[in-house]
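Listed below, chain by chain, are the residues.
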Amino acid sequence: MDDPLIVVALLLVAASATAAVAVRDPVRQALVLSVLGVTLAVLFTVMQAPDVALSQLAVGAALTPLLLLLSVRKIGRREQRARQGDGKENRKENRKGKGKAR
């Protein structure tokens, strides 16, 4: 009776793993990775390993995607600051150059 349930869980894991690899946006990858963690936890529960399923929920479905999202957010802020800094420097150089030409 468990065999069809195991097959369904394996298909869900395969589909979510494929989606995690296929998605290109890092934020969406983190969310799909979270879904993958949940489907793996379901698979472990079906395979009668509830302790491994709980660990997978904690680490694979919660902590890892959270760390990825925080990293992407921090990198995005750094890039934004770098762009703003470049814009300010360019404006200052343009002002200096215009003053000398007159």
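Starting afresh in each chain, residues are numbered from 1 along the sequence in its written order. For a predicted model such as this one, the threshold for reporting local features is a pLDDT of at least 70, and the threshold for listing and counting side-chain atom pairs is 80 or more; totals across whole chains, interfaces and linings nevertheless cover every residue. Computation of side-chain values: all heavy atoms of the structure, hydrogens and water removed.

Draft legend 1. Region of interest: a positive patch on the surface. Together, Arg73, Lys74, Arg77, Arg78 and Arg81 line one region of the surface with positive charge. Numbering of helices and strands runs from the N terminus; a helix is a DSSP stretch of H or I covering at least four residues, while a strand is a stretch of E covering at least two. By the secondary structure assignment, arginine 77 is in helix α3 (residues 50–101). For patch detection, residues must exceed 30% relative accessible area and be free of salt bridges, and they are connected within 9 Å for like charges or within 5 Å for nonpolar side chains (Val, Leu, Ile, Met, Phe, Trp, Tyr). Only the protein chains shown count as cover for residues, with accessible areas throughout obtained via the Shrake-Rupley method and a probe of 1.4 Å. For this document, the term salt bridge refers to a Lys or Arg side-chain nitrogen within 4 Å of an Asp or Glu carboxyl oxygen. Working convention for charge: Lys and Arg count positive, Asp and Glu count negative, and His plus the chain ends are omitted. Taken as the charge centre is NZ of Lys, CZ of Arg, CG of Asp or CD of Glu, depending on the residue.

Draft legend 2. Seen up close, the side chain of serine 16. By the element assignment, serine 16 lies in helix α1 (residues 2–22). Among the polar contacts made by the side chain of serine 16, one reaches the main-chain carbonyl oxygen of valine 13 at a distance of 3.1 Å. Here a polar contact is recorded for every N or O atom pair within 3.5 Å, except that within protein the pair must consist of a potential hydrogen donor and a potential acceptor, and residues adjacent in sequence are included only if both atoms are side-chain atoms.

Draft legend 3. Structural view of unusual backbone geometry. Look at glutamine 48: it is not a glycine, yet its phi comes out positive at around 65°. Topologically, glutamine 48 is positioned in the loop between α2 (26–46) and α3. For glutamine 48, a relative accessible area of 65% puts it in the exposed group. Here the term buried applies to any residue with accessible area under 20% of the maximum for its type, exposed to any over 50%, and partly exposed to those in between, with areas from a 1.4 Å probe on protein chains only.

Draft legend 4. Structural detail: the pattern of salt bridges. What the rule picks out here adds up to one salt bridge. Across the pair arginine 83 and glutamate 79 runs a salt bridge whose closest N-O atoms are separated by 3.7 Å. Placement of both arginine 83 and glutamate 79 in helix α3 is noted, with a separation of four residues, approximately one turn of the helix. On the basis of relative accessible area, arginine 83 is assigned to the exposed category, the value being 58%.

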